[in-house]
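Summary of the model geometry
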Number of protein chains: 2
Amino acid sequence: MKEEIRQAPIGVFDSGVGGLTVAREIMRQMPKEKIIYFGDTARVPYGSKSKETVTRFSRQIARFLLSHDVKTIVVACNTASAYALDELEKEFDVPMIGVVKPGAKMAVTRTRNGRIGVIGTEGTIGSGIYNEYIRSVRADAVIYGKACPLFVPLVEEGLWEDPVTEEIARRYLGELIDLDIDTLVLGCTHYPLIRSVIGRIMGDGVTLVNPAYETAVELKAMLGEQHLLNDVEPALGSNRYQFYVSDGAEKFKQFANSIMKYGVLSAKTIHIEEY
Amino acid sequence: MKEEIRQAPIGVFDSGVGGLTVAREIMRQMPKEKIIYFGDTARVPYGSKSKETVTRFSRQIARFLLSHDVKTIVVACNTASAYALDELEKEFDVPMIGVVKPGAKMAVTRTRNGRIGVIGTEGTIGSGIYNEYIRSVRADAVIYGKACPLFVPLVEEGLWEDPVTEEIARRYLGELIDLDIDTLVLGCTHYPLIRSVIGRIMGDGVTLVNPAYETAVELKAMLGEQHLLNDVEPALGSNRYQFYVSDGAEKFKQFANSIMKYGVLSAKTIHIEEY
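Residues numbered from 1 in each chain as written. Chains lettered and ligands numbered in written order. Predicted model: local features only at pLDDT ≥ 70, side-chain atom pairs only at ≥ 80, totals over all residues. Heavy atoms only, no water.

**Topic: the overall build of chain A**
Just so we agree on the cut-off: Secondary structure counts use DSSP, requiring at least four H or I residues in a row for a helix and at least two E residues in a row for a strand, with both numbered from the N terminus. We take the radius of gyration over the C-alpha atoms and set the globule estimate at 2.2 Å times the residue count to the 0.38 power. Should any heavy atoms of two residues lie within 4.5 Å, those residues are counted as being in contact. This count recognises Lys and Arg as positive and Asp and Glu as negative, with His and chain-terminal groups excluded. Lys charges are placed at NZ, Arg charges at CZ, Asp charges at CG and Glu charges at CD.
The secondary structure content of chain A amounts to 12 helices and 10 strands. Taking 19 Å as the expected radius of gyration for a compact globule of 275 residues, we find that chain A reaches 18 Å, a close match to that expectation. When the backbone C-alpha atoms are referred to their principal axes, chain A occupies close to 55 × 40 × 35 Å. Within chain A, contacts between residues separated by at least 24 positions form 77% of all contacts whose residues are at least 6 apart in sequence. Each charge class in chain A was averaged separately, 32 positive and 36 negative side chains, and the resulting centres sit 3 Å apart.

Below is the structure:
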């Protein structure tokens, strides 16, 4: 039985394509694991929607992933981690991990002067959850949050290196530069895709923290402790990575293939509101 | 019975706030009519989603509006008009009107040289529906469509008069300027809010067509023909305008109040996927 559970897939979800940056890290750090990814492309974005709505959507997705017998769920979306993770952990009986706690922990490890910036969606920043987690690790940290609502549409439009993205980034980040932070958390899974623009504006003195990397590290530790790591190489042709979306499978596949090392062979569309 | 139907409200829906520009026109042109507006703010935007998904969402909304005994349904969203209106008309038994046909008709009335541009979401432009309707009225019209996916997030962020919106508009519209069009259809209900930026770039030689105005004109004609116009002034305090959304009622109310002449006293949140 235990052996069977170890070989079960890891469930990963996001409002859309951003969580692929987290799935990519899991593939890198745990190459033997199977993954079932769900992107809620029919209802994307989550960042400007309410806690109640994001929680309802996340609950449906958790049910969908559990119907595929996942051994754990990774909430690869900062807004859903901020709003829904607590609720999901109460309701469902598999170990879960979000991206906020690992990102917060890493920020504290990296900062020297204790002044940390966090950028994310309106939902993530408004929830104050990064502040809470960062302060629980380092009580004297000074934290500045800034919502950057146009970054997601700009990334989705593919303007990763573009004067418009640069101009918008300059407006959002300008106030953070003046605040003498030395560490900036990319608190939305889309943002690593415009990391170089953000890095250029913030300058060499500011370390950018990408929670995707640290989330995969913590996931591995958590699965290890619970004896849930898969140590068997999946058989060839065993469908190691499966992708599901609530809309636009073809468009998702194209986007996914542009950022993933491993080919996203196919994506299936499901009706998520039925779960 | 007939009298009762005449006094029933007009149902209006959109993916979010854009359709308020249509509701506003109906209020202006038919001040005695009651309106029930629904904005699908939990699942906004529609413009980048598939026909199947937009149709499923629209069907739920039609059911919701009919549960409030509306006498007619106005599809105040170009993407839903393009993808779902035909289907809704087959399924439901009230007269319906979309924004595409009135917009197309008005463009033909306005053009002198027969060269018409249409801007809208990926869904609206990709569907080719404006071409179809415009050609059915004027077979020799030459039509150029251009999807402008960043306009909706820019409008929703309130950047109505902003150098970034201007720069993005210049990129989208540049190719239309070179094509010698004399008429441009604002084929998305958000776009009238950045009309002045678009007008500045297109220049005085190009007439901008806002389908909201013409939709209200045609709605009035349709209701008149079917003896469905309300000729009784609604009693004071009779809740003439009601607003429903699927998420974020407070945020919706603020936005709505910034563009409506009449105060949006309140907005209620409902679970649209249950309809």
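Having put the structure on the table, let's press on.
**Some remarks on the sheet that holds strand E4 (residues 96-98) of chain B**
The strands that make up a sheet pair up through hydrogen bonds in the backbone, lying either parallel or antiparallel. Residue and element names in this part refer to chain B. Short version of the rule: Between any two strands, pairing holds if DSSP finds at least two bridges. To define axes, lines are fitted to C-alpha atoms, for helices over the stretch in contact only, and angles between the resulting N-to-C directions are given on a 0 to 180 degree scale.
What the six strands build is an open sheet, ordered E4-E3-E1-E2-E9-E10; its pairing is parallel. With one partner strand each, in any of the chains shown, E4 and strand E10 (267-269) form the two edges of the open sheet. Strand-to-strand, the axes of this sheet are offset by a mean angle of 20 degrees, without reference to chain direction. Pairing of strand E9 (residues 241-245) with E10 involves three bridges; the strand directions are parallel. Bridged to Phe243 within E10 is Ala267. Sitting on the sheet, helix H4 (residues 78-91) is in contact with strand E1 (10-14), strand E3 (72-75) and E4, with an inclination near 165 degrees to E4.

**Quick notes on empty space enclosed by the protein**
All names here are of chain A. Basically, it comes down to this: Both cavities and pockets are sets of points on a 1 Å grid over the protein atoms alone; in a cavity a 1.4 Å probe fits but cannot get out, in a pocket the set is open with protein on both sides within 12 Å along at least five of seven lines, and lining residues sit with an atom within 4 Å of a point. Grid points are joined across faces, edges and corners, and a volume is the space filled by probe spheres set on the points. Residues are grouped as follows: Ala, Val, Leu, Ile, Met, Phe, Trp, Tyr, Cys and Pro are nonpolar; Asp, Glu, Lys and Arg are charged; every other residue, Gly included, is polar.
Under the defined criterion, the tally for this structure stands at three cavities of 30 Å³ or more. Considering only enclosed or pocket space, the largest cavity measures out at about 110 Å³ in volume. Along the wall of the largest cavity there are 16 residues; nearest its centre are Ser15, Thr79, Thr121, Cys188 and His190. In terms of residue class, the lining of the largest cavity is made up of six nonpolar, nine polar and one charged.

**Comments concerning the nonpolar core**
The following threshold applies: Joining through side-chain atoms within 4.5 Å is the link that ties buried Ala, Val, Leu, Ile, Met, Phe, Trp, Tyr and Cys residues into a set, and such a set is a nonpolar core. Burial here depends on accessible area, computed with a 1.4 Å probe over protein chains only, as a share of the maximum for the residue type. Under 20% is buried, over 50% is exposed, and the range in between is partly exposed.
In terms of nonpolar packing, the biggest core is built from 116 residues, with Ile198 of chain A together with Ile198 of chain B touching the most fellow members. Among all residues touching Ile198 of chain A, those that are not within four sequence positions of it are Ile119, Phe151, Leu173, Leu184, Leu186, Tyr191 and Leu208 of chain A.

**Quick word on the interface of chain A and chain B**
Using the following cut-off: We define buried area as the total accessible area lost by two parts upon association, computed with a 1.4 Å probe and summed across both. Here, a salt bridge means any side-chain nitrogen of Lys or Arg that lies within 4 Å of a carboxyl oxygen of Asp or Glu. Polar contacts, as counted here, are pairs of nitrogen or oxygen atoms within 3.5 Å of one another; within protein the pair requires one atom able to donate a hydrogen and one able to accept it, and residues that are adjacent in sequence qualify only if both atoms are side-chain atoms.
Listed as interface residues are 31 residues of chain A and, on the opposing side, 31 residues of chain B. By the criterion of area lost to chain B, the three top residues of chain A are Leu150, Asp247 and Glu273 of chain A, representing 20% of everything that side buries. Linking chain A to chain B there are six salt bridges. Where Arg56 of chain A meets Glu273 of chain B, a salt bridge forms, and the shortest distance between an N and an O atom there is 2.7 Å. Here chain A and chain B share 17 residue pairs in polar contact (both at pLDDT 80 or more) between them. Among the elements of the structure, helix H3 (51-66), helix H8 (151-156) and helix H9 (163-177) of chain A are those that each provide at least two residues to the side of chain A that touches chain B. A per-class count over the side of chain A that touches chain B returns 12 nonpolar, seven polar and 12 charged.

**Some thoughts on the pattern of salt bridges**
Residues and elements named next belong to chain A. By the definition in use, this model includes 40 salt bridges over all chains. A salt bridge links Arg112 to Asp182; the nearest nitrogen and oxygen atoms lie 3.8 Å apart. Of the two residues, Arg112 is situated in the loop between helix H5 (100-110) and strand E5 (115-120) and Asp182 in the loop between H9 and strand E7 (183-186); the sequence distance between them amounts to 70 residues. You can call Arg112 exposed: its relative accessible area is 59%. Among the residues examined, Asp182 registers a relative accessible area of 4% and is labelled buried. One salt-bridge network, held together by shared partners, links Glu161, Glu166, Arg170 and Arg200.

**Structural notes on the relation of the copies chain A and chain B**
What counts is decided by this rule: Superposing copies: least-squares fit, C-alpha atoms only, residues required to have pLDDT of at least 70 in both.
Rotating chain A by 180 degrees and translating it 0.0 Å along the rotation axis places it on chain B, where the RMSD comes to 0.0 Å. Within this description, the copies of the chain are treated as partners about a two-fold rotation axis. No C-alpha of chain A lies nearer the rotation axis than that of Arg43 of chain A, which sits 2.3 Å from it. By residue overlap, the copies meet face to face through one surface: 100% of the interface positions of chain A are interface positions in chain B.

**Examining the packing of aromatic side chains**
Residues and elements named next belong to chain A. Note the threshold: Any two rings among Phe, Tyr and Trp, with Trp reduced to its six-membered ring, count as a pair given centres within 6.5 Å; such a pair is stacked if its planes are under 30 degrees apart, edge-to-face if over 60, and tilted if neither.
Counted under the stated rule, the structure contains 20 aromatic pairs over all chains. With a centroid separation of 5.2 Å and 90 degrees between ring planes, the pair formed by Phe151 and Tyr191 is classed as edge-to-face. With Phe151 in helix H8 and Tyr191 in the loop between E7 and helix H10 (195-202), this residue pair connects regions lying 40 residues apart in the sequence. Across this residue pair, the class does not change: Phe151 and Tyr191 are buried.

**Some words on the confidence of the model for chain A**
The line we're drawing: Residue-level confidence of the predictor, termed pLDDT, takes values from 0 up to 100.
Considering every residue of chain A, the mean pLDDT works out to 94; 98% of them sit at 70 or more. Scored as a complex, the prediction yields pTM 0.93 and ipTM 0.89.

**Quick notes on the sheet that holds strand E2 (residues 35-39) of chain A**
Residues and elements named next belong to chain A. Taken in spatial order, the six strands line up as E4-E3-E1-E2-E9-E10 in an open sheet, and their pairing is parallel. In this open sheet, the two strands that pair with only one neighbour each are strand E4 (96-98) and strand E10 (267-269). Mean inter-strand twist for the sheet, computed between neighbouring axes without regard to direction, equals 20 degrees. As defined by bridge partners, strand E1 (residues 10-14) adjoins strand E3 (residues 72-75) across four bridges and the pair is classed as parallel.

**What to know about the pairing of E3 of chain A**
Residue and element names in this part refer to chain A. Put simply, the rule reads: Look down the strands so they point away from you; if the path from the first strand over the helix to the second goes clockwise, the crossover is right-handed.
The alternating pattern of E3 places Thr72 and Val74 on one face and Ile73 and Val75 on the opposite face, and all of these are buried. Across three bridges, the pairing between E3 and E4 is parallel. Looking at E4, one finds that Val74 is bridged to Ile97. Handedness of the crossover joining E3 and E4 through helix H4 (residues 78-91): right-handed.

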